[in-house]
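# Coordinate inspection notes
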Amino acid sequence: MTSNRNRLTNIVRKEFIDHIRSGKFIIVFLIFLLLSAYSLHGGINMYHDALDRYKEHIERIEDAEDTGMPMPAIPPGAVHIEGGWIHEGWMPERPSALYAFMWMSEIMPVLGAILAVVMGFDLISKERQDRTLKTLLSHPIYRDEIINGKAIGGVLVIIVAIGMTFGISLAMLLISDIVPTIGEFVNIALFGIISVILLVSFFSIGLMASVLFKNSGSSIIFAFGIILVIALILPAIGQPVAGMIIGDPPEIPEVPMFRIAPPPIQEGDDPPPEEPVFKIDPLVEKEWEEWHRANEAHWDRKMPITEAFAILSPATHFGEISAELDIGMGGMMGIMMGGGMVDDMPVEDPDIFDKLGAVWMNILALFVIPAIFFAIAYTKFMKLDIR
Amino acid sequence: MIRTENLTKDYNGVKAVDGLNLEVEEGDIFGFLGPNGAGKSTTMLMLVGMIEPTHGKCFVNDIEVSKDPLSVKNIVGYLPEDIGFYSNMTAEENLDYFARFYKIEKSARKKKIEEVLELVNLGGVTKKAGQFSRGMNQRLGMAQALINDPKILFLDEPTANLDPESVFQYRNLVKRLSDEGKTIFIVSHILPEVSNVCKTIGIIKEGKLIAKGTLDELKKEFSGIGEDQKQMIIEAFDPIPDLTHSDILKIKYSEDRKRVVIESTSDIREDISGILLEKHIRMKGMKMHEPTLEEAFLSIYKE
């Protein structure tokens, strides 16, 4: 009798080969690769544009410092960047290599879902349809080894697919003269890892569908239906449902927060100041403070409900983590601004562990979601009637 | 070699197998007969460790199957009814995949695959299993059941998809495997197939074993003809007159008296032909009637 490891390895080996030889996998993976490369190409162009703007800002600041004059053609206390004026104290920041991955982080949940579901939707249903499951089970192997082998084989292919995608992406960066720093490289590597987990989540949904349905057609429809519900419909209805439960947010005070008042004349002012000042009425200030508190309380009550609706959405958690890694639309806001206020800038960048710590719930969820779907697939498969 | 004790399988309250007690000796070719839904295949699935019994036990080579299914699977070969193979792989690749579950060295594995493929006339076939005919699939199924050189073979409707030539080859193969000392357990509802190759036969009805014995034993027991009785059928061109003989137990004439069935204690064909000759009756034919398995089977199922 062969050992457990050998039996499992045999299944994994076959599954791995089946996937990489499968016409449907090759086609979808090529599309995935091409679109990823295209999105990266777009990101690289944006990076270069941002780099040009950065260099322009630096030159202007240096020119202003050299002449000791206010920055030319710039309103006092402000610098101009594409899209507007930035106030005094603004420090331009060199764009990050992570900028290039912005679009990839957006397409990953969509293309990844298609690729992973295509890999998983018929793993068991096809064996039942082709009657190979009975043949397989007549040999010395436990049922759990079959489903585990199929899952491991699929995950390995996902790792290879993402590895290839990121390998090509890094090569494209280097060809485009973008050399990531060690910190950026760590972020890219982590982005690759969460991409793998994201795809594994979708793969687990496909695998579950393949166990639940004997027919592969029904299985693929069910898998995409589930993804549609947990990744799009539920998060979308979360906001209005939370609104219905919690009620409307508090109304904004009608009185403005500031009023412009004539400058107070103080003793010794000669001549009296000419410019008006912003004045805050203590009563108005209190009203605004109360509104702020009520508004915060409202959102504090609303957030758990909206988050609960998105809790099973791998894409939501993937987006949150990507943003924390400075990849993706959320994380790109700072980079799009091209810098930050000197006073607000942290003395040093937050540690990667701090960043991951900030999204530990999302990381945990990204591991728990595939575990749930695998568990359903596993339990159902162990009880499957193979007559 | 194979033993079941009060073996029961319940599907949603319906007993597919109901308290089955069965024993198959080593080296036997055992035919398990019964109509569709009688519980034959379910019994076989429990014997090969693919489903667990609801109650009772089954033993293969003294191993309790539900307690150690893998050890059982290592010493048995199973040909499921309507077997399926991986359509993207050749016969050799399919067999190699299954053979890897056994502790067979690489070179021995390759040799064994070639050997069993030759045995089922699939040697040198390089096309993918997806392009196989049902007959080829069935033959490949036989090859996969033999890949581990099993002590016991379980064959579920083995001739269902075979053409006459393949059926002939299959019968020879089963006899050859039996000569090698393998125990063979065949499930079928094709009576001639079972009567052709099986040494012992068991008949199952509604999950229960209702008869078991050699072919002759079953025929004698259930055909309605006693062990020491003979049955003759006489046909003539002219009406047959009343026949008398001391050994005749029972005689039945057709309406036109041109056909008569005689049950007697001995073979009295010579005496009867003499009587008919004397009376100038032109005979069309006279034959001893051997009870068939079909008659026995139908008789059992009528009860």
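The shown structure was predicted, so the numbers you read here are calculated from the model rather than taken from an experiment. (Residues numbered from 1 in each chain as written. Chains lettered and ligands numbered in written order. Predicted model: local features only at pLDDT ≥ 70, side-chain atom pairs only at ≥ 80, totals over all residues.)

## Overview of the overall build of chain B
Stated formally: Elements are defined by DSSP. Helices are runs of H or I of four residues or more, strands are runs of E of two residues or more, and each kind is numbered from the N terminus. As defined in this context, the radius of gyration uses C-alpha atoms, and a globule is described by 2.2 Å times the residue total to the power 0.38. Three exposure classes are used. Buried residues have 20 or more other C-beta atoms within 10 Å of their own C-beta, exposed residues have 12 or fewer, and partly exposed residues fall in between, all C-beta atoms being placed from the backbone.
For chain B, the count of helices and strands is ten helices and 14 strands. By the compact-globule yardstick of 19 Å for 303 residues, chain B is too spread out, its C-alpha radius of gyration being 24 Å. Seen through its C-alpha atoms, chain B measures out along the principal axes to roughly 80 × 45 × 30 Å. Among the 303 residues that make up chain B, the fraction classed as buried is 38%.

## Observations regarding the sheet that holds strand 9 (residues 200–205) of chain B
Residues and elements named next belong to chain B. Heads up, the rule is: Pairing between strands is defined by DSSP: at least two bridges between them are needed. Orientation is described by axes fitted as lines to C-alpha atoms, over the contacting stretch for helices, and by angles from 0 to 180 degrees between their N-to-C directions. Once C-beta atoms are placed from the backbone, any two residues with those atoms within 7 Å are in contact.
Spatially, 6-7-8-3-9-10 is the arrangement adopted by the six strands of the open sheet, whose pairing is mixed. Each having just a single partner strand, strand 6 (76–79) and strand 10 (208–214) make up the two edges of the open sheet. Neighbour to neighbour, the strand axes of the sheet diverge by 15° on average, direction disregarded. Relative to strand 8 (residues 183–188), strand 3 (residues 29–33) runs parallel, the two sharing five bridges. Bridge assignment links Gly31 to a residue of strand 8, and that residue is Ile186. Each of strand 3, strand 7 (152–156), strand 8 and strand 9 is contacted by helix 1 (residues 40–47), which is oriented at about 150° to strand 7, the strand it contacts most. Contacting strand 9 and strand 10, helix 8 (residues 215–222) runs over the sheet at an angle of about 115° to strand 10.

## Focus: the pairing of strand 3 of chain B
All names here are of chain B. In terms of burial, strand 3 is largely enclosed, as five of its five residues are buried. The alternating pattern of strand 3 places Ile29, Gly31 and Leu33 and Phe30 and Phe32 on opposite faces, both of which are buried. Inspection of the sheet shows strand 3 paired to strand 9 by four bridges, in the parallel sense. Bridge pairing in strand 9 links Leu33 to Ile203.

## What to know about the nonpolar core
Side chains of a nonpolar character, in soluble globular proteins, are inclined to be buried together. Our working rule: Think of a nonpolar core as buried Ala, Val, Leu, Ile, Met, Phe, Trp, Tyr and Cys residues chained together by C-beta atoms that fall within 7 Å.
In terms of nonpolar packing, the biggest core is built from 148 residues, with Val117, Ile158 and Leu199 of chain A together with Phe154, Phe185 and Ile186 of chain B touching the most fellow members. When residues in this core are grouped by element, the largest group, 15 residues, is from helix 7 (residues 182–212) of chain A. With near-sequence residues (within four places) excluded, Leu199 of chain A lies in contact with Gly112, Leu115, Ala116, Ile158 and Ile162 of chain A.

## Some thoughts on the sheet that holds strand 4 (residues 55–60) of chain B
If you trace the four strands from one edge of the open sheet to the other, you get 2-1-4-5 (chain B), paired in antiparallel fashion. One side of each edge strand has no neighbouring strand; the edge strands of this open sheet are strand 2 (14–24) and strand 5 (63–64) of chain B.

## Things to note about the domain arrangement of chain B
Put simply, the test is: Residue ranges for the domains originate in an automatic or database domain assignment.
Domain assignment breaks chain B into domain 1 (2–221) and domain 2 (227–290). Centre-to-centre, using C-alpha coordinates, domain 1 of chain B lies 45 Å away from domain 2 of chain B.

## What to know about the interface of chain A and chain B
Filter applied, for reference: Basically, the charged four are Asp, Glu, Lys and Arg, the nonpolar ten are Ala, Val, Leu, Ile, Met, Phe, Trp, Tyr, Cys and Pro, and anything else, Gly included, counts as polar.
The partner chain B presents 22 residues to the 17 residues of chain A that form the contact. Contributions of two or more residues to the side of chain A that touches chain B are made by helix 1 (4–21) and helix 5 (132–137) of chain A. The biggest single contributor to the side of chain A that touches chain B is helix 5 of chain A, with four residues. Its residues placed into classes, the side of chain A that touches chain B shows five nonpolar, six polar and six charged.

## Some words on the environment of Lys287 of chain B
Here Lys287 of chain B lies in strand 14 (residues 283–288). The spacing of Lys287 of chain B and Met1 of chain B is 286 residues in sequence and 41 Å in space, taken between C-alpha atoms.

## Side note on the packing of helix 8 (residues 216–246) of chain A against helix 9 (residues 282–309) of chain A
All names here are of chain A. Note the cut-off: Left-handed is the label given to a crossing in which the near helix is rotated counterclockwise from the far helix by less than a right angle, and right-handed is the label when the rotation is clockwise.
Direction vectors running N to C along helix 8 and helix 9 enclose 145°, while the axes themselves pass 8 Å from each other. As for how helix 8 packs across helix 9, the hand of that crossing is right-handed. Between helix 8 and helix 9, the contacting residues are Leu234, Pro235, Ile237, Gly238, Gln239, Val241, Ala242, Ile245 and Ile246 on the first element and His298, Arg301, Lys302, Ile305, Thr306 and Phe309 on the second. Residue classes in the contact of helix 8 with helix 9 are distributed as nine nonpolar, four polar and two charged.

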